[in-house]
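Given next are the chains, with one letter for each unit.
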Amino acid sequence: MPERTPAGLFEGTLVRWGDPGYDRARADAVWNGLTPERFPEVILQGAAERDIPLALAWARAQGLRVSTRSGGHNWSGSQLRDGGLLIDLSRLRHCCVDPVSVTAEVGPAVTGTDLVEALAPHDLAFPVGHCPSVAMGGFLLSGGLGWNSRAWGPACADVLEIRAVTADGRTVICNETENADLFWAARGAGPGFFAVVTGFRLGLHPHPAAIMTTGLTFPLADVERVTGWAVRTARDLPSNVETALVLAASGEATATAPPGPRITVGATAFAATRDEALAALEPLGARPFAGQALSRQLPEPTSFASLHDGAARAWPSAHRYAADTLWSAESYETLMTRVAGVLARAPSGKSLVLAPVQPVSPDPELLRNMAFSAPGESYLTCYAVWDDPAADEANTGWLRETMATADPSGRGGHYIAEADLEADADRARRSYAAADWVRLQELKLKWDPDDVFHSYLAPMPWGARLGCP
């Protein structure tokens, strides 16, 4: 058991396993209603940046390994580790916008909603996460597949500088010229990052003057035909159009089809004018496909706030989630046709498969100097979504069956932010290009030689799971 900390050492709140408030602090560290059965020895809810180097010094003195949490959106709950110290950064929500330099200084716990609201008065924008409550810390460290990333690139491409506390307690500034190797790792290493980021300096974009969205829904039986058409069409659209296919486990009845699974093609244009947005979306309304849809949402104006509202309905709070991702060399038609049959057997009607077409810009300049990479031509994410604890096993089993069906060879890549890291020991490695994975291991040894920070979550050995030595 770690020694008691000296009174007044931290501005924040420190709770231990068994203390009043521990269960609440542990549950609050995970946005997912499915809280992993892993128990940190101590949780520090940091109140200020000065708490972080003090916490690391104390953890080293007590022999505690360290994990961190910004918003808790990691589906696998990587921030919860048995034993050790969890540093909860959720109170570090400073946000300062400088319209003159077109930059913003943000804390790790600033959410997409926070940043959108702060930027709006200055007519500026940033590729924030699709879910409104995703915090900048984990999002940016993992690369950040956000809104309009097909044009703007991964969100980490707009990280100009970070402020971080290293394993030895030093506060360092990292950018392309100062501590450049740690800066490279911070743009993509995700939950395996080996320092604590307390601040980001972001480059911003002019706010699109017109944002418009449209969508068409078809029966699941048409999945292969619709996917082929949608992907061909989407690849020819301007880069400022974000297109995604959604396989939904349930859909409402229409005049021509009973209720049941659906495939929806949705697109959003981020344009300079309304006419430009309408022209960009026009190919998705072309016949014969538009005329064969069960339902169609005509192009209509929207906003980042409204897009966030829609995402919040698709991924509601107070639910239980399991998720996994796949980057693949195979076509979207192949992947979506494979998973369609499994989707129809989903235990929960709220579950879905999301397949963005070109979810990140292929421009090599926007992918420069970062650990993040997109190791595949096609990309999908599967979400099991349910609310009954008695259905945990059925839904997590369905998720893994779906992903095994999508990637029967097991050789596909993953996106570290949403990978099912406990599915197999290779998930983290397959989230990176081979050379980048090697470099990450080398930098971990350089910056954290004493292994203070937990690395990537991995499957637990059965003996350990059962409490055996």
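None of the values given here were measured: they were computed from a predicted structure.

Reading the values: rules and limits
Residues numbered from 1 in each chain as written. Predicted model: local features only at pLDDT ≥ 70, side-chain atom pairs only at ≥ 80, totals over all residues. Heavy atoms only, no water. Helix = DSSP H or I, 4+ residues; strand = E, 2+ residues; numbered from the N terminus. Rg over C-alpha atoms; globule rule 2.2 N^0.38 Å. Buried < 20%, exposed > 50% of the residue type's maximum accessible area, 1.4 Å probe, protein only. Contact = heavy atoms within 4.5 Å. Areas by Shrake-Rupley, 256 points an atom, 1.4 Å probe, with all protein chains shown as cover. Lys, Arg positive; Asp, Glu negative; His and termini not counted. Charge placed at Lys NZ, Arg CZ, Asp CG, Glu CD. Pairing = 2+ DSSP bridges. Axes fitted to C-alpha atoms, helices over the stretch in contact; angles between N-to-C directions. Phe/Tyr/Trp six-rings, centres within 6.5 Å; stacked < 30°, edge-to-face > 60°. Lys NZ or Arg CZ within 6 Å of the ring centre and 35° of its normal. Parallel < 35°, antiparallel > 145°, perpendicular 65-115°, else oblique. Left-handed = near helix turned anticlockwise from the far one by under 90°. Nonpolar A, V, L, I, M, F, W, Y, C, P; charged D, E, K, R; others polar. Polar contact = N/O pair within 3.5 Å; in protein donor to acceptor, adjacent residues only side chain to side chain.

(A) Local environment of the overall build of the chain. Helices and strands together make up the secondary structure of the chain, namely 14 helices and 18 strands. For a compact globule of 469 residues, the expected C-alpha radius of gyration is about 23 Å, and the chain comes in at 22 Å, within 12% of that figure. Taken over the C-alpha atoms alone, the chain extends approximately 70 × 55 × 40 Å along its principal axes. Within the chain, buried positions represent 55% of all 469 residues. Counting contacts in the chain only where the partners sit at least 6 residues apart, residues at least 24 apart contribute 74% of the total. For the chain, the accessible surface area stands at approximately 18,800 Å², while carbon and sulfur atoms represent 53% of it. Of note, the chain has its 39 positive side-chain charges centred 2 Å away from the centre of its 54 negative side-chain charges.

(B) Structural detail: the sheet that holds strand β5 (residues 95-98). Pairing in this open sheet of 5 strands is antiparallel, and the strands run β5-β6-β10-β8-β9 from one edge to the other. Sheet topology places β5 and β9 (171-174) at the edges, where each strand pairs with a single neighbour. Going from strand to strand, the sheet's axes swing by 15° on average, the running direction of each strand aside. Pairing analysis gives 4 bridges linking strand β6 (residues 103-106) to strand β10 (residues 196-203), with the strands arranged antiparallel. What sits directly across from V106, in β10, is F200. Along the sheet face, helix α3 (residues 112-119) touches β5, β6 and β10 and points at about 35° away from the line of β5.

(C) Layout of the packing of aromatic side chains. Overall, the coordinates contain 16 aromatic pairs when judged by the stated rule. Ring centres of W17 and F39 lie 5.1 Å apart, and the angle between their planes is 5°; on these two criteria the pair is classed as stacked. One end of the pair, W17, is in the loop between β1 (13-16) and α1 (22-28); the other, F39, is in the loop between α1 and β2 (42-45), with 22 residues separating them in the sequence. Using a relative accessible area of 46% as the deciding quantity, one classes W17 as partly exposed. When the ring of F372 is compared with that of Y415, the centres are 6.2 Å apart and the planes differ by 90°; the resulting orientation is edge-to-face. With F372 in the loop between β17 (352-357) and β18 (378-386) and Y415 in the loop between α12 (392-406) and α13 (434-447), this residue pair connects regions lying 43 residues apart in the sequence. Like Y415, F372 is buried. Aromatic rings pair up to connect W31, W75, W315, Y321 and Y383 into one cluster. Against the face of F39 rests R26, its NZ or CZ located 4.0 Å from the ring centre.

(D) Just the packing of helix α11 (residues 332-343) against α12, in detail. For the pair α11 and α12, the least separation of the axes is 8 Å and the interaxial angle reads 150°. What the angle tells us is that α11 and α12 run roughly antiparallel. Remark: the crossing between α11 and α12 carries right-handed chirality. In this structure, α11 contributes L335, R338, V339, V342 and L343 to the contact, and α12 contributes W398, E401, T402, T405 and A406. Of the residues contributing to the contact of α11 with α12, the split by class is 6 nonpolar, 2 polar and 2 charged.

(E) Up close: the sheet that holds strand β3 (residues 66-69). Pairing within the open sheet is mixed, and its 4 strands lie in the order β1-β2-β4-β3. This sheet does not close on itself; its edge strands, each paired only once, are β1 and β3. Averaged over all adjacent pairs, the angle separating strand axes in this sheet is 20°, with direction ignored. In this sheet, strand β4 (residues 85-88) lies alongside β3 in parallel orientation, the contact comprising 4 bridges. Within β4, the residue paired with S67 across the bridge is L86. Sitting on the sheet, helix α2 (residues 51-62) is in contact with β1, β2, β3 and β4, with an inclination near 180° to β4.

(F) Representation of the side chain of D448. On the secondary structure map, D448 appears in the loop between α13 and α14 (462-465). For D448, the side chain forms a polar contact with the main-chain nitrogen of F453, separated by 2.9 Å. For D448, the contacting residues outside a window of four places in its chain are A167, F194, L443 and F453.

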